[in-house]
Amino acid sequence: MWTFLKIIRLNRATVRSLNPLPRGWTVVLRRSCSSASSESRVTNPSILRHLTSKITATGAITVAEYMREVLTNPVSGYYVKNDMLGADGDFITSPEISQIFGELVGIWCVSEWVASGKPKVLQLVELGPGRGSLIGDILRVFHQLQSVLHGAEVSVHLVEVSPKLSQLQAQCLAGEYTCGGEDELVYRTGTTHTGLPIYWYRSVKDVPRGFSIFLAHEFFDALPIHKFQRTEKGWREVMVDIHPEEPDKLRFVLFPTPTLASTTLIHEDEKRQHLEISPEGGVIVQKLASQIAEDGGAALIADYGHDGTKMDTFRGFRGHKLHDVLEAPGTADLTADVDFSYLRRMAGDAVVCMGPITQRAFLKNMGIDARLQVLLRSCHDATTRAQLIHGCDMLTSPEKMGSSMRPTGRRQAARRNHRGGRLSAADAPIEKTTSFLKSPAVGLI
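Residues numbered from 1 in each chain as written. Predicted model: local features only at pLDDT ≥ 70, side-chain atom pairs only at ≥ 80, totals over all residues. Heavy atoms only, no water.

1. Considerations on the layout of surface pockets
Convention followed: Using a 1 Å grid laid over the protein atoms alone, points where a 1.4 Å probe fits but cannot get out form a cavity; open sets with protein on both sides within 12 Å along at least 5 of 7 lines form a pocket; any residue with an atom within 4 Å of a point counts as lining. Grid points are joined across faces, edges and corners, and a volume is the space filled by probe spheres set on the points. To qualify as a helix, a DSSP run of H or I must reach at least 4 residues; to qualify as a strand, a run of E must reach at least 2; elements of each kind are numbered from the N terminus. Residues are sorted three ways: Asp, Glu, Lys and Arg are charged, Ala, Val, Leu, Ile, Met, Phe, Trp, Tyr, Cys and Pro are nonpolar, and all the rest, Gly among them, are polar.
Approximately 1,100 Å³ is the volume found for the largest pocket. Every residue lining the largest pocket is counted, 48 residues in all, and those nearest its centre are V159, E160, V161, S162 and F219. Elements supplying a minimum of two residues to the lining of the largest pocket: α4 (63-72), α5 (78-81), α6 (94-97), β2 (121-127), α8 (133-144), α10 (163-173), β5 (186-192) and α12 (279-295). Sort the elements by how many residues they give to the lining of the largest pocket and α4 lands first, with four residues. Of the residues in the lining of the largest pocket, the class split is 24 nonpolar, 12 polar and 12 charged.

2. Quick look at the side chain of Q99
Filter applied, for reference: In the analysis that follows, any N or O atom pair within 3.5 Å is treated as a polar contact, provided that within protein one partner can donate a hydrogen and the other can accept it, and provided that, for residues neighboring in sequence, both atoms belong to side chains.
Within the fold, Q99 resides in helix α7 (residues 99-115). Looking at Q99, its side chain comes within polar contact range of the side chain of E103, at 2.8 Å.

3. Here we look at the pairing of strand β3 (residues 153-159)
The condition that has to hold: We call a residue buried when its accessible area falls under 20% of the maximum for its residue type, exposed when it is over 50%, and partly exposed in between, using a 1.4 Å probe and counting protein chains only. Should DSSP find at least two bridges between two strands, the strands are regarded as paired.
Here β3 lies mainly inside the structure; six of its seven residues are buried. Bridge analysis of β2 against β3 gives seven bridges, and the strand direction is parallel. Paired with L124 across the two strands is V156, which belongs to β3.

4. Quick word on the packing of α7 against helix α15 (residues 368-378)
Stated precisely, the cut-off is as follows: Here an axis means a line fitted to C-alpha atoms, over the contact stretch when the element is a helix, while the angle between two N-to-C directions is reported on a 0 to 180 degree scale. Under this scheme an angle from 65 to 115 degrees is roughly perpendicular, one under 35 degrees roughly parallel, and one over 145 degrees roughly antiparallel; angles in between are oblique. Helix crossings fall into two classes, left-handed where the near helix is turned counterclockwise from the far one by less than a right angle and right-handed where it is turned clockwise. For this analysis, residues touch if any pair of their heavy atoms sits within 4.5 Å.
Relative to each other, α7 and α15 sit at 125 degrees, their axes nearing to 11 Å. The angle between α7 and α15 places the two elements in the oblique class. In this structure, the crossing between α7 and α15 has a hand that is right-handed. Along its contact with α7, which presents Q99, I100, E103 and L104, the element α15 presents I368, R371, L372 and L375.

5. Quick look at unusual backbone geometry
Geometrically, the link from G355 to P356 is a cis peptide bond, its omega value of 10 degrees lying close to zero. Along the chain, the position of P356 falls in the loop between α13 (340-347) and α14 (359-365). Its identity is not glycine, yet A328 carries a phi of approximately 45 degrees, on the positive side. Among the secondary structure elements, A328 is positioned in the loop between β15 (321-323) and β16 (333-335).

6. Describing the sheet that holds β16
Reading across the sheet, the three strands line up as β15-β14-β16 and stay open at both edges, with antiparallel pairing between neighbours. Of all the strands in the sheet, the pair left with one neighbour each is β15 and β16. For this sheet, the mean inter-axis angle between neighbouring strands, taken without regard to orientation, is 40 degrees. When strand β14 (residues 315-318) meets β16, the two strands line up antiparallel, connected through three bridges.

7. Digging into the environment of L139
Relative to the elements of secondary structure, L139 occurs in helix α8. With a relative accessible area of 5%, L139 lands in the buried category. As a C-alpha pair, L139 and L173 span 34 residues in sequence and 8.9 Å in three-dimensional space. In this view, L139 contacts L124, V156, T192, T194 and L196; residues no more than four positions away in its chain are not counted.

8. Remarks on α12
Structural remark: α-helix, 3.6 residues per turn; residues separated by three or four positions point the same way. Stated formally: Any helix carries an expected span of 1.5 Å times its number of residues minus one.
Under the 1.5 Å per step criterion, the end-to-end length of α12 is 24 Å for 17 residues, consistent within 8% with the ideal 24 Å. Two residues or fewer after α12 comes G296, characterised by a positive phi angle close to 85 degrees.

9. Considering the environment of S341
Along the polypeptide, S341 turns up in helix α13. Note on S341: relative accessible area 13%, which makes it buried. With 15 residues separating them in the primary sequence, S341 and P356 have C-alpha atoms 9.1 Å apart. If we skip the residues at most four places from it in the chain, S341 touches H306, D307 and G308.

10. A closer look at the confidence of the model for the chain
Cut-off, in case you're wondering: Per-residue confidence from the predictor is given as pLDDT, running between 0 and 100.
Overall, the prediction assigns the chain a mean pLDDT of 79, with 77% of residues at 70 or greater. When mean pLDDT is taken per element in the chain, β3 scores highest with 98 and strand β19 (residues 423-424) scores lowest with 30. Contacts for the low-pLDDT stretch residues 21-42, under 50 throughout, to residues beyond four places or in other chains number 75 contacts. Within the model, the stretch residues 86-90 combines pLDDT values under 50 with 27 contacts to residues more than four positions away or in other chains.

So, in structure tokens, the structure goes:
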């Protein structure tokens, strides 16, 4: 109980004492709005040719392999070639809507560091940092809380597979930076505008050991999934095949016999009729849990998701609109809701899992209302004030991003804390479940 009260005091006091952090505001576009650059993006024929050639040679492929090729193919992958974020992209995220989101996550990071005994080393690690908006807001909070972080060796570590996005991140976050070789684990290094060392990696396994705060905002929902369907003969895997009547189109099919994935990934007590499982997500969570248990730290996973209740959530987004996942591969974002019950199982017993909770609940507990009032008191421009209010409403309203899925972004959260300690979650799932409130450690949010 002492820890709970101590953290809440730090959160509330910090929310009120932070100076306003002015920055440009992004006009929010709903998914129903069109985007000229996305709509005019031509079909990516190379990915389709590559996929059809592979299927012709080896047979139908898994949904996981399809997602991996479409999103991260080193030549024509969606994440490799495109800047998909913002008003001119295919989707927009919470940090792009309001600086308050990143500020509160920054306060959460400091709170976790304080609760862990103020270790000398503090690694801030983000998986899939987008344009760098979230980490940029957090770093400004860290800069304003230098008196609290005094004595800590703070460094920033970004895990990013997209060369285009990593370049944008470097321009946004670093005053100076250098690029490494293609085969180097650290492929870019630099110094942030606030004077902290910053590093870029292609895989989370390359991040050095040490006390770390891990952030994964809209990262896990883009990892490849396997899809399974329960049949009279047992579980069968959903595959991607060429349409027999239209050779330039793809279709879903059921594999006639059990696959390695269908016999090893599905929990024996599973009751649902359709499943989506990301073994890659499970491996990453195991890595985070292992490092946190051994070196100390915490993790916050923010994504659309559910607590083991949803079935078919695989979907595409292009130009802020829903898009057929098998149409024009490589030109749209592909995503599936995160199954937090699966991530908890994969995390194991070395850490304590809490959540998921809604984004609204997390932000309210972190003091978003108080922070909004601080910003409004110091802002006299009517347009900016309206944007502040609108952004806060977008983040917390149950009808928008607060607790239910809307085609304006994707988000949810889980969080993890330190050795032998707490693994908690704070997220904005598609639909909210609150059974996690029975956990005593939920007070840490």
